[in-house]
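Residues per chain, in single letters:
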Amino acid sequence: MLLHIIARGKIARSPEAELLDRYAKRITWPFKHSELPDIGGKVPPPVQTPVREVLLDERGKAMSSEEFAALLGRWRDEGVRECRFLIGAADGHGDEARSRADHLLCFGKMTWPHLMARAMLAEQLWRATAILAGHPYHRSG
């Protein structure tokens, strides 16, 4: 299953970009990172179908790493070919995008910079795939 981060804004050369790259290189599943302008620009069509869309949103569900891994594993086992993670601009996502999404995800109640959210998401994607593969990186409890 392709794991695809689609984010508004440019990450450029930054410590956050280095973190994103570090974790992206560790992910053994197919991975893609796309950027859109802060305003305008359309979300690209899915590379593969069926597809699931996850919006990072302050109204979303906070999940443990194990729960997140289980969700990705379930979608993979159901034949989902692409899972897209959308990170909005400063004002987040509109009601229409939220209602269309398959899942709303948040990283807790705190507000995180969008660049940091990309790096955190990449780490959680690597962690989730490591959990599903039985890799010892993740230590629960």
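The structure displayed is predicted, hence computed values, not measured ones.

Definitions and cut-offs
- Residues numbered from 1 in each chain as written.
- Predicted model: local features only at pLDDT ≥ 70, side-chain atom pairs only at ≥ 80, totals over all residues.
- Heavy atoms only, no water.
- UniProt positions renumbered as here; feature names shortened; annotations may be inferred.
- Buried < 20%, exposed > 50% of the residue type's maximum accessible area, 1.4 Å probe, protein only.
- Contact = heavy atoms within 4.5 Å.
- Helix = DSSP H or I, 4+ residues; strand = E, 2+ residues; numbered from the N terminus.
- Phe/Tyr/Trp six-rings, centres within 6.5 Å; stacked < 30°, edge-to-face > 60°.
- Axes fitted to C-alpha atoms, helices over the stretch in contact; angles between N-to-C directions.
- Parallel < 35°, antiparallel > 145°, perpendicular 65-115°, else oblique.
- Nonpolar A, V, L, I, M, F, W, Y, C, P; charged D, E, K, R; others polar.
- Lys, Arg positive; Asp, Glu negative; His and termini not counted.
- Salt bridge = Lys/Arg side-chain N within 4 Å of Asp/Glu carboxyl O.
- Polar contact = N/O pair within 3.5 Å; in protein donor to acceptor, adjacent residues only side chain to side chain.
- Pairing = 2+ DSSP bridges.

This part takes up the UniProt feature "binding site: S-adenosyl-L-methionine" (unreviewed entry) in the protein. As annotated by UniProt and renumbered to match this structure, "binding site: S-adenosyl-L-methionine" (unreviewed entry) occupies L56, G88, F107, G108, K109, M110, T111 and W112. Accessibility expressed as a relative area gives 24% for F107, which makes it partly exposed. Excluding residues within four positions of it along the chain, F107 makes contact with L56, W112, A117, M120, L121 and Q124. Mapped onto the elements, M110 comes out in the loop between β5 (103–106) and α4 (114–133). Residue class for M110 comes out exposed when judged on its relative accessible area of 64%.

Moving on to the packing of aromatic side chains. One pass over the full model with this rule turns up two aromatic pairs. Centroid distance Y23 to W126: 6.1 Å. Interplanar angle 35 degrees. Geometry classified as tilted. Separated by 103 residues along the polypeptide, Y23 in helix α1 (residues 15–26) and W126 in helix α4 bring together distant segments of the chain. Exposure remark for Y23: the relative accessible area of 14% places this residue in the buried category.

Moving on to the packing of helix α2 (residues 65–77) against α4. Each pair of packed helices can be described by the angle between their axes along with the distance between the axes. Following both chains from N to C, one finds α2 and α4 inclined at 70 degrees, their axes separated by 9 Å at the closest point. As judged from the angle between their axes, α2 and α4 are roughly perpendicular. Contact residues: S65, E66, F68, A69, L72, G73 and R76 in α2; L121, Q124, L125, R127, A128, I131 and L132 in α4. The residue makeup of the contact of α2 with α4, split by class, is eight nonpolar, three polar and three charged.

The next thing to look at is the side chain of R8. Of note, R8 is situated in strand β1 (residues 2–8). Buried R8, no salt bridge; nearest opposite-charge side chain is D38, N-O distance 7.2 Å. Polar contacts involving the side chain of R8 include one to the main-chain carbonyl oxygen of P37, which spans 2.9 Å. In this structure R8 touches L36, P37, D38, I39, G40, G41, I87, G88, A89 and R118, once residues within four positions along its chain are discounted.

Under the definition given, this model contains 11 salt bridges. Here E35 and K10 are joined by a salt bridge, their closest N and O atoms 3.9 Å apart. On the criterion of sequence distance, the pair formed by E35 in strand β2 (residues 31–36) and K10 in the loop between β1 and α1 is long-range, its members being 25 residues apart. When the shortest N-O distance is used, the salt bridge between D95 and R59 registers 3.8 Å. Placement of the pair is D95 in helix α3 (residues 95–100) and R59 in strand β3 (residues 51–62), with a sequence separation of 36 residues. The same class applies to D95 as to R59, namely exposed.

Taken in spatial order, the five strands line up as β2-β1-β4-β3-β5 in an open sheet, and their pairing is parallel. Among the strands making up the open sheet, the edge pair consists of β2 and β5. Between one strand axis and the next, the sheet turns through 30 degrees on average, direction left out of account. Where β3 lies against strand β4 (residues 82–87), six bridges are found, and the strand directions are parallel. By the bridge assignment, V54 is partnered in β4 with F85.

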